[in-house]
Amino acid sequence: MKINKPSMDILVGITNRELLDGNMSIIEYGEALARAVQGLQNYAKHPNTNRYILCRDTDLSFEAYLELCDAIGDTVVHHGKVITNQEQLSIVLAKAKRIHVPTNLMRYWQAEQQELWKIFQKHWSGVTVWSTVHNEDDISFLSDLQIPHLECILVSPIFPTACKAGHPGIGVERGETLLQQIREHYPHVQGIALGGIHEHNYIECLQHTFTGVAVMSEFMCLVTSSH
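If you're wondering where the values come from, they're calculated on a predicted model, not measured in any experiment. (Residues numbered from 1 in each chain as written. Predicted model: local features only at pLDDT ≥ 70, side-chain atom pairs only at ≥ 80, totals over all residues. Heavy atoms only, no water.)

If charged atoms from side chains of opposite charge come close, those side chains can pair. Evaluated as defined, the whole model comprises eight salt bridges. Salt-bridge contacts for Arg 174 lead to Glu 136; the nearest nitrogen and oxygen are separated by 2.7 Å. Of this pair, Arg 174 sits in helix H7 (residues 172–183) while Glu 136 sits in helix H6 (residues 136–145), and the two are 38 residues apart along the sequence. With relative accessibility at 32%, the residue Arg 174 sits in the partly exposed group. Because the salt bridges share partners, they merge into one network encompassing Arg 17, Asp 57 and Asp 59. (Salt bridge = Lys/Arg side-chain N within 4 Å of Asp/Glu carboxyl O. Helix = DSSP H or I, 4+ residues; strand = E, 2+ residues; numbered from the N terminus. Buried < 20%, exposed > 50% of the residue type's maximum accessible area, 1.4 Å probe, protein only.)

Right under this line is the structure:
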(Lines give C-alpha, C1' and ligand atoms only; values in the text may rest on other atoms or scores of the structure.)
Protein backbone atom coordinates (compact mmCIF):
# COMPACT_ATOMS: atom_id res chain seq x y z
CA MET A 1 0.00 0.00 0.00
CA LYS A 2 1.19 3.50 -0.78
CA ILE A 3 2.23 5.55 2.22
CA ASN A 4 2.27 8.98 0.64
CA LYS A 5 -0.79 10.81 -0.61
CA PRO A 6 -1.91 8.87 -3.70
CA SER A 7 -1.74 10.50 -7.11
CA MET A 8 -3.26 9.43 -10.41
CA ASP A 9 -1.19 9.12 -13.58
CA ILE A 10 -3.90 7.85 -15.92
CA LEU A 11 -7.69 8.18 -15.94
CA VAL A 12 -9.68 6.18 -18.47
CA GLY A 13 -13.28 6.64 -19.55
CA ILE A 14 -14.68 3.53 -21.22
CA THR A 15 -17.48 3.81 -23.76
CA ASN A 16 -20.64 1.70 -23.76
CA ARG A 17 -23.51 3.06 -25.83
CA GLU A 18 -25.88 0.49 -24.32
CA LEU A 19 -25.90 2.58 -21.14
CA LEU A 20 -27.24 5.64 -22.93
CA ASP A 21 -30.86 6.77 -23.00
CA GLY A 22 -32.09 7.88 -26.41
CA ASN A 23 -30.33 7.86 -29.74
CA MET A 24 -27.36 9.93 -30.86
CA SER A 25 -25.73 10.06 -34.23
CA ILE A 26 -22.11 8.91 -34.33
CA ILE A 27 -21.03 12.52 -34.79
CA GLU A 28 -23.07 13.71 -31.78
CA TYR A 29 -21.87 10.78 -29.71
CA GLY A 30 -18.22 11.44 -30.55
CA GLU A 31 -18.54 15.11 -29.67
CA ALA A 32 -20.24 14.22 -26.37
CA LEU A 33 -17.47 11.73 -25.55
CA ALA A 34 -14.77 14.31 -26.19
CA ARG A 35 -16.51 16.74 -23.82
CA ALA A 36 -17.23 14.12 -21.18
CA VAL A 37 -13.57 13.26 -20.63
CA GLN A 38 -13.12 16.76 -19.22
CA GLY A 39 -15.94 16.07 -16.78
CA LEU A 40 -13.97 13.42 -14.95
CA GLN A 41 -12.39 16.07 -12.75
CA ASN A 42 -13.74 14.48 -9.54
CA TYR A 43 -11.31 11.63 -10.18
CA ALA A 44 -8.35 13.52 -11.62
CA LYS A 45 -7.43 16.12 -9.02
CA HIS A 46 -3.73 15.74 -9.81
CA PRO A 47 -2.60 18.24 -12.48
CA ASN A 48 -0.46 15.72 -14.36
CA THR A 49 -3.17 13.10 -14.89
CA ASN A 50 -3.41 11.85 -18.48
CA ARG A 51 -6.99 11.19 -19.61
CA TYR A 52 -8.01 8.70 -22.28
CA ILE A 53 -11.18 7.27 -23.79
CA LEU A 54 -11.09 3.53 -24.42
CA CYS A 55 -13.56 3.07 -27.26
CA ARG A 56 -15.28 -0.26 -26.70
CA ASP A 57 -18.24 0.30 -29.02
CA THR A 58 -17.04 -2.51 -31.26
CA ASP A 59 -20.60 -3.44 -32.26
CA LEU A 60 -20.38 -0.63 -34.82
CA SER A 61 -19.31 -1.30 -38.37
CA PHE A 62 -15.58 -0.94 -38.85
CA GLU A 63 -16.05 2.30 -40.79
CA ALA A 64 -18.39 3.78 -38.16
CA TYR A 65 -15.98 2.75 -35.40
CA LEU A 66 -13.10 4.59 -37.06
CA GLU A 67 -15.35 7.62 -37.55
CA LEU A 68 -16.13 7.60 -33.83
CA CYS A 69 -12.46 7.28 -32.87
CA ASP A 70 -11.59 10.19 -35.15
CA ALA A 71 -14.29 12.31 -33.48
CA ILE A 72 -12.93 11.52 -30.02
CA GLY A 73 -9.47 12.76 -31.00
CA ASP A 74 -6.03 12.24 -29.49
CA THR A 75 -7.36 10.82 -26.21
CA VAL A 76 -8.81 7.74 -27.91
CA VAL A 77 -7.54 4.21 -27.34
CA HIS A 78 -8.62 1.85 -30.14
CA HIS A 79 -9.91 -1.61 -29.27
CA GLY A 80 -8.62 -4.69 -31.05
CA LYS A 81 -12.01 -6.40 -30.96
CA VAL A 82 -13.21 -4.27 -33.89
CA ILE A 83 -10.55 -5.88 -36.12
CA THR A 84 -11.57 -8.97 -38.10
CA ASN A 85 -9.13 -9.10 -41.02
CA GLN A 86 -5.63 -8.10 -42.09
CA GLU A 87 -6.71 -4.96 -43.93
CA GLN A 88 -8.53 -3.63 -40.88
CA LEU A 89 -5.58 -4.38 -38.62
CA SER A 90 -3.24 -2.52 -40.97
CA ILE A 91 -5.59 0.48 -41.01
CA VAL A 92 -5.84 0.62 -37.23
CA LEU A 93 -2.11 0.18 -36.71
CA ALA A 94 -1.48 3.06 -39.12
CA LYS A 95 -3.95 5.34 -37.30
CA ALA A 96 -3.85 4.37 -33.65
CA LYS A 97 -1.45 5.82 -31.11
CA ARG A 98 -2.71 3.24 -28.62
CA ILE A 99 -4.49 -0.07 -29.06
CA HIS A 100 -6.12 -2.20 -26.37
CA VAL A 101 -5.84 -5.93 -27.01
CA PRO A 102 -7.14 -8.02 -24.08
CA THR A 103 -5.34 -11.27 -23.33
CA ASN A 104 -8.33 -13.35 -24.46
CA LEU A 105 -8.23 -11.63 -27.87
CA MET A 106 -4.49 -12.20 -28.16
CA ARG A 107 -5.05 -15.88 -27.46
CA TYR A 108 -7.79 -16.01 -30.10
CA TRP A 109 -5.57 -14.38 -32.71
CA GLN A 110 -2.79 -16.84 -31.90
CA ALA A 111 -5.08 -19.86 -32.26
CA GLU A 112 -7.64 -18.84 -34.91
CA GLN A 113 -6.33 -15.82 -36.81
CA GLN A 114 -2.61 -16.38 -37.00
CA GLU A 115 -2.06 -13.92 -39.84
CA LEU A 116 -3.50 -11.14 -37.66
CA TRP A 117 -1.23 -12.23 -34.84
CA LYS A 118 1.86 -12.18 -37.06
CA ILE A 119 1.07 -8.69 -38.36
CA PHE A 120 0.38 -7.45 -34.83
CA GLN A 121 3.70 -8.79 -33.58
CA LYS A 122 5.51 -7.31 -36.56
CA HIS A 123 4.28 -3.83 -35.62
CA TRP A 124 4.87 -4.06 -31.85
CA SER A 125 7.82 -1.68 -32.01
CA GLY A 126 5.65 1.09 -33.48
CA VAL A 127 2.47 0.97 -31.40
CA THR A 128 1.66 1.45 -27.73
CA VAL A 129 -0.25 -1.56 -26.39
CA TRP A 130 -2.77 -1.87 -23.56
CA SER A 131 -4.15 -5.15 -22.25
CA THR A 132 -6.31 -6.64 -19.49
CA VAL A 133 -5.55 -9.27 -16.85
CA HIS A 134 -7.90 -11.19 -14.56
CA ASN A 135 -5.62 -13.84 -13.06
CA GLU A 136 -2.16 -15.42 -12.98
CA ASP A 137 -2.71 -17.24 -16.28
CA ASP A 138 -3.10 -13.88 -18.04
CA ILE A 139 0.06 -12.61 -16.40
CA SER A 140 2.04 -15.69 -17.42
CA PHE A 141 0.76 -15.31 -20.98
CA LEU A 142 1.80 -11.64 -21.23
CA SER A 143 5.16 -12.20 -19.56
CA ASP A 144 6.11 -14.77 -22.22
CA LEU A 145 5.27 -12.31 -25.02
CA GLN A 146 7.56 -9.48 -23.85
CA ILE A 147 5.61 -6.79 -25.71
CA PRO A 148 8.01 -3.87 -26.31
CA HIS A 149 5.63 -0.99 -25.54
CA LEU A 150 3.13 -2.35 -23.03
CA GLU A 151 1.96 0.87 -21.42
CA CYS A 152 -1.13 -0.05 -19.38
CA ILE A 153 -2.63 -3.13 -17.78
CA LEU A 154 -6.28 -3.01 -16.76
CA VAL A 155 -6.77 -5.29 -13.75
CA SER A 156 -10.39 -6.44 -13.56
CA PRO A 157 -12.90 -6.66 -12.00
CA ILE A 158 -11.83 -4.98 -8.77
CA PHE A 159 -15.33 -4.40 -7.37
CA PRO A 160 -18.70 -5.98 -8.26
CA THR A 161 -20.05 -4.55 -11.50
CA ALA A 162 -23.15 -5.00 -13.63
CA CYS A 163 -20.90 -5.75 -16.60
CA LYS A 164 -19.91 -9.03 -14.90
CA ALA A 165 -23.15 -10.03 -13.21
CA GLY A 166 -22.64 -12.37 -10.27
CA HIS A 167 -18.89 -11.79 -9.99
CA PRO A 168 -17.99 -10.55 -6.49
CA GLY A 169 -14.91 -8.70 -7.71
CA ILE A 170 -11.36 -9.72 -6.90
CA GLY A 171 -10.83 -6.90 -4.40
CA VAL A 172 -8.19 -4.21 -4.23
CA GLU A 173 -5.57 -6.27 -2.39
CA ARG A 174 -5.87 -9.16 -4.83
CA GLY A 175 -5.65 -6.67 -7.70
CA GLU A 176 -2.51 -5.19 -6.18
CA THR A 177 -0.94 -8.66 -6.01
CA LEU A 178 -1.63 -9.27 -9.70
CA LEU A 179 -0.21 -5.87 -10.54
CA GLN A 180 2.98 -6.58 -8.60
CA GLN A 181 3.35 -9.88 -10.48
CA ILE A 182 3.02 -8.28 -13.92
CA ARG A 183 5.54 -5.60 -12.93
CA GLU A 184 8.13 -8.31 -12.38
CA HIS A 185 8.10 -8.67 -16.17
CA TYR A 186 7.06 -5.12 -17.17
CA PRO A 187 8.50 -2.88 -14.43
CA HIS A 188 7.20 0.39 -15.87
CA VAL A 189 3.67 -0.67 -16.81
CA GLN A 190 0.82 1.48 -15.54
CA GLY A 191 -1.68 -0.42 -13.40
CA ILE A 192 -5.30 0.61 -14.06
CA ALA A 193 -8.08 -0.57 -11.73
CA LEU A 194 -11.26 -1.53 -13.61
CA GLY A 195 -14.66 -2.79 -12.52
CA GLY A 196 -17.17 -1.09 -10.24
CA ILE A 197 -15.02 2.04 -9.90
CA HIS A 198 -16.76 5.25 -8.81
CA GLU A 199 -15.76 8.51 -7.16
CA HIS A 200 -16.25 7.11 -3.64
CA ASN A 201 -13.94 4.08 -3.95
CA TYR A 202 -11.26 4.98 -6.50
CA ILE A 203 -8.90 6.42 -3.86
CA GLU A 204 -8.64 2.96 -2.29
CA CYS A 205 -7.24 1.67 -5.59
CA LEU A 206 -4.63 4.42 -5.75
CA GLN A 207 -3.57 3.54 -2.22
CA HIS A 208 -2.76 0.00 -3.40
CA THR A 209 -0.10 0.85 -6.02
CA PHE A 210 -2.51 1.35 -8.91
CA THR A 211 -1.50 4.42 -10.90
CA GLY A 212 -4.89 4.96 -12.48
CA VAL A 213 -8.52 3.91 -12.70
CA ALA A 214 -11.02 3.24 -15.49
CA VAL A 215 -14.70 4.13 -15.23
CA MET A 216 -17.61 3.21 -17.47
CA SER A 217 -21.06 3.80 -15.94
CA GLU A 218 -20.32 7.22 -14.48
CA PHE A 219 -18.42 8.20 -17.60
CA MET A 220 -21.43 7.40 -19.77
CA CYS A 221 -23.59 9.48 -17.42
CA LEU A 222 -21.26 12.36 -18.19
CA VAL A 223 -21.71 11.68 -21.89
CA THR A 224 -25.48 11.96 -21.50
CA SER A 225 -25.24 15.19 -19.52
CA SER A 226 -22.81 16.74 -22.01
CA HIS A 227 -25.03 15.99 -25.00
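In space, the eight strands of this closed barrel follow the order E1-E2-E3-E4-E5-E6-E7-E8, with parallel pairing throughout. Going from strand to strand, the sheet's axes swing by 25 degrees on average, the running direction of each strand aside. Two elements, strand E6 (residues 150–155) and strand E7 (residues 190–194), share four bridges in a ladder whose sense is parallel. Bridged to Leu 154 within E7 is Ile 192. (Pairing = 2+ DSSP bridges. Axes fitted to C-alpha atoms, helices over the stretch in contact; angles between N-to-C directions.)

Turning to the packing of aromatic side chains, a few remarks are in order. Between two aromatic rings, the relevant description is the distance of the centres plus the angle of the planes. For the structure on display, the rule yields five aromatic pairs. Centre to centre, the rings of Tyr 52 and Trp 130 are 5.6 Å apart; their planes meet at 90 degrees, and the pair counts as edge-to-face. Note that Tyr 52 is positioned in strand E2 (residues 50–54) and Trp 130 in strand E5 (residues 128–133), a separation of 78 residues in sequence. Consider the rings of Phe 120 and Trp 124, whose centres lie 5.9 Å apart with planes at 85 degrees: the pair is edge-to-face. Assessed through its relative accessible area of 0%, Phe 120 is described here as buried. Chaining the aromatic ring pairs together yields one cluster made of Trp 109, Trp 117, Phe 120 and Trp 124. Across the ring face of Phe 141, the terminal group of Arg 107 is positioned such that the distance to the ring centre comes to 4.7 Å. (Phe/Tyr/Trp six-rings, centres within 6.5 Å; stacked < 30°, edge-to-face > 60°. Lys NZ or Arg CZ within 6 Å of the ring centre and 35° of its normal.)

That's the geometry; what it means functionally is another story.
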